[in-house]
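Here is how the chains run, residue by residue.
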Amino acid sequence: MKQYIMALDQGTTSSRALLLNRQGDVCGVAQKEFLQRYPQPGWVEHDPMEIWGTQSGVAREVLEKTGIRPEEIAAIGITNQRETTVVWHRETGRPVHHAIVWQCRRTAEMCDRLKEQGLEETIKRKTGLVVDAYFSGTKIKWILDHVPGAREMAAKGDLLFGTIDTWLIWNLTRGEVHATDYSNASRTMLFNIHTGEWDEELLALLDIPPAMMPEVKNSSGIYGYTDPHTFGGARIPISGVAGDQQAALFGQTCFRQGMVKNTYGTGCFLLMNTGETPIPSSHGLLTTIAWGIDGQLTYALEGSIFVAGAVIQWLRDELRLIRDAAETEAMALKVPDNGGVYLVPAFVGLGAPHWDMYARGTMVGLTRGTKAEHLVRAALESIAYQTCDILEAMADDADIIIPALKVDGGAAQNDFLMQFQADMLQVPVLRPLKVESTAQGAAFLAGLAVGFWQNQQELSLLQQEDHIFEPAMEPVERKQQLSQWRRAVQRSLQWEQAE
Ligand SMILES: Nc1ncnc2c1ncn2[C@@H]1O[C@H](COP(=O)(O)OP(=O)(O)O)[C@@H](O)[C@H]1O
Ligand SMILES: O=P(O)(O)OC[C@H](O)CO
């Protein structure tokens, strides 16, 4: 009897494999970190062979650890760091260059040139994205322009492109399947999110041969079967694929329009399900594909916060105010309020809705009475304020009232932060009992495709809340604090260029 789904969660710093049972509970996890390569300032690379090696290794390890046999696995779901770009040789399966990671800024000037050519509006209209080095398109072009012979090989149809999901599927099927899902395709800056196809005009603009591009498939559906060599003879269907933030939205069962999740990690990723309509943002949010099921696309609005949990790491590693992130909760509660201190952690500029790369970190409202506890509290509060700014922008773009916020990620364990978040948003904050939303999303997509679960209603029943944080702050107080935060943000803008 097949009792488990395997989720492969290929993240930026580690590869993980998880086994989930019919209740959606995690029955086993294996994880392995891999090397981050920084060949030049601002450049980030991964070795695709190391990604495949660690990912297949943890997949086998989790089976060994739990004693679960490959024959007991009903399906595999893949979720991945998005945008990261691999180009490899069709015949040999060898990458022609290291993977260029989503964080890598090497194509920033290429993006500036696209903007100078006045292409921003066209790209936004077709792809829902802003022109940025973050996305895969310019990374592919960079590889074709810089690897000797790559352009000629690509023109002959010898090279293939893939995001990490595609690279894993290719290897799991030993080169039989070259495919991606709608959610990953929508992060390439080459995919028309309205027609659901690779955009020939954008491919031509970046000089990328269409033959390199993977087939785009439903996020839930059979992609192929694992090669018998990988799991001791078993041929397991690969039947769920989604980028990690979209997978988390699915794992949080945000199936209906207006449902939003926020993942509180190093940064924050907020995604709102906007249903069957792609909504253009007037606040610099991204319009993206949440998933495609049975050929029907569901769209999302996405906003990210560059520095969220990272501000807590900063308190720990640079200011040495704490030894462990978990200490911040008790410290923040030691003082009755923030003592008038506001910290804007614009360490690398500010993203949506401000989009100011020249903003820098700012702390205001310090007095002789400011204590370490106030700084810690201000740091936690900054995570909630930034979330509030993005959600307000989303609600405005989508013209809806957000009913609640579902949360996950490391910093969502902080009760003070979650309560403060509910107070600032004036909506309940729902923290699930099962916090592995990303893996759960991949598993759900895979399980639905093979009948392991029947439908989305059944999945919704598997999600239980660990805690609901209800808003408790007086509206006047909230308004006053938010307005002080916004004054503080104003102080941080355009700092780097100022005299
Ligand atoms: N109890 C806590 N309170 C506040 N921040 C926390 C807490 N626990 C973890 N964090 C922060 O959350 C981040 C880790 O969360 P995680 O979801 O593992 O992130 P990522 O996937 O980005 O590595 C770190 O930046 C850490 O500082
Ligand atoms: O590696 P993660 O899980 O932090 O996710 C990275 C994002 O997908 C980048 O867009």
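Not measured: the values here are computed from a predicted model. (Residues numbered from 1 in each chain as written. Chains lettered and ligands numbered in written order. Predicted model: local features only at pLDDT ≥ 70, side-chain atom pairs only at ≥ 80, totals over all residues. Heavy atoms only, no water.)

**Some remarks on the site of ligand 1**
Item 1. The full set close to ligand 1 counts 13 residues, and Thr-266, Gly-309, Gln-313, Gly-410 and Asn-414 are the nearest of them.
Item 2. Within the contact set of ligand 1, an oxygen atom lies 2.8 Å away from a side-chain nitrogen or oxygen of Gln-313.
Item 3. For ligand 1, whose accessible area on its own is 580 Å², the fraction buried by protein is 66%.
Item 4. Of the residues in the shell around ligand 1, the class split is 5 nonpolar, 8 polar and no charged. (Near = heavy atom within 4 Å. Polar contact = N/O pair within 3.5 Å; in protein donor to acceptor, adjacent residues only side chain to side chain. Areas by Shrake-Rupley, 256 points an atom, 1.4 Å probe, with all protein chains shown as cover. Nonpolar A, V, L, I, M, F, W, Y, C, P; charged D, E, K, R; others polar.)

**Points about the UniProt feature "binding site: glycerol" (unreviewed entry) in the chain**
Item 1. The UniProt record annotates "binding site: glycerol" (unreviewed entry) at Arg-82, Glu-83, Tyr-134, Asp-244 and Gln-245.
Item 2. Among the secondary structure elements, Arg-82 is positioned in the loop between strand 5 (73–80) and strand 6 (86–89).
Item 3. Excluding residues that lie within four positions of it along the chain, Arg-82 makes contacts with Trp-102, Tyr-134, Asn-184, Arg-187, Gly-243, Asp-244, Gln-245, Gln-246, Phe-269 and Glu-302.
Item 4. By the element assignment, Gln-245 lies in helix 9 (residues 244–251).
Item 5. Assessed through its relative accessible area of 9%, Gln-245 is described here as buried. (UniProt positions renumbered as here; feature names shortened; annotations may be inferred. Helix = DSSP H or I, 4+ residues; strand = E, 2+ residues; numbered from the N terminus. Contact = heavy atoms within 4.5 Å. Buried < 20%, exposed > 50% of the residue type's maximum accessible area, 1.4 Å probe, protein only.)

**Points about helix 14 (residues 437–449)**
Item 1. The end-to-end C-alpha separation of helix 14 is 18 Å, in line with the 18 Å expected for 13 residues at 1.5 Å each.
Item 2. Counting buried residues along helix 14, 12 of its 13 residues qualify, which places the element largely inside the surrounding structure.
Item 3. All buried positions along helix 14 are accounted for by Ser-437, Thr-438, Ala-439, Gln-440, Gly-441, Ala-442, Ala-443, Phe-444, Leu-445, Ala-446, Gly-447 and Leu-448.
Item 4. Just beyond helix 14, the residue with positive phi is Gly-451, at close to 80 degrees. (Expected span 1.5 Å × (residues − 1).)

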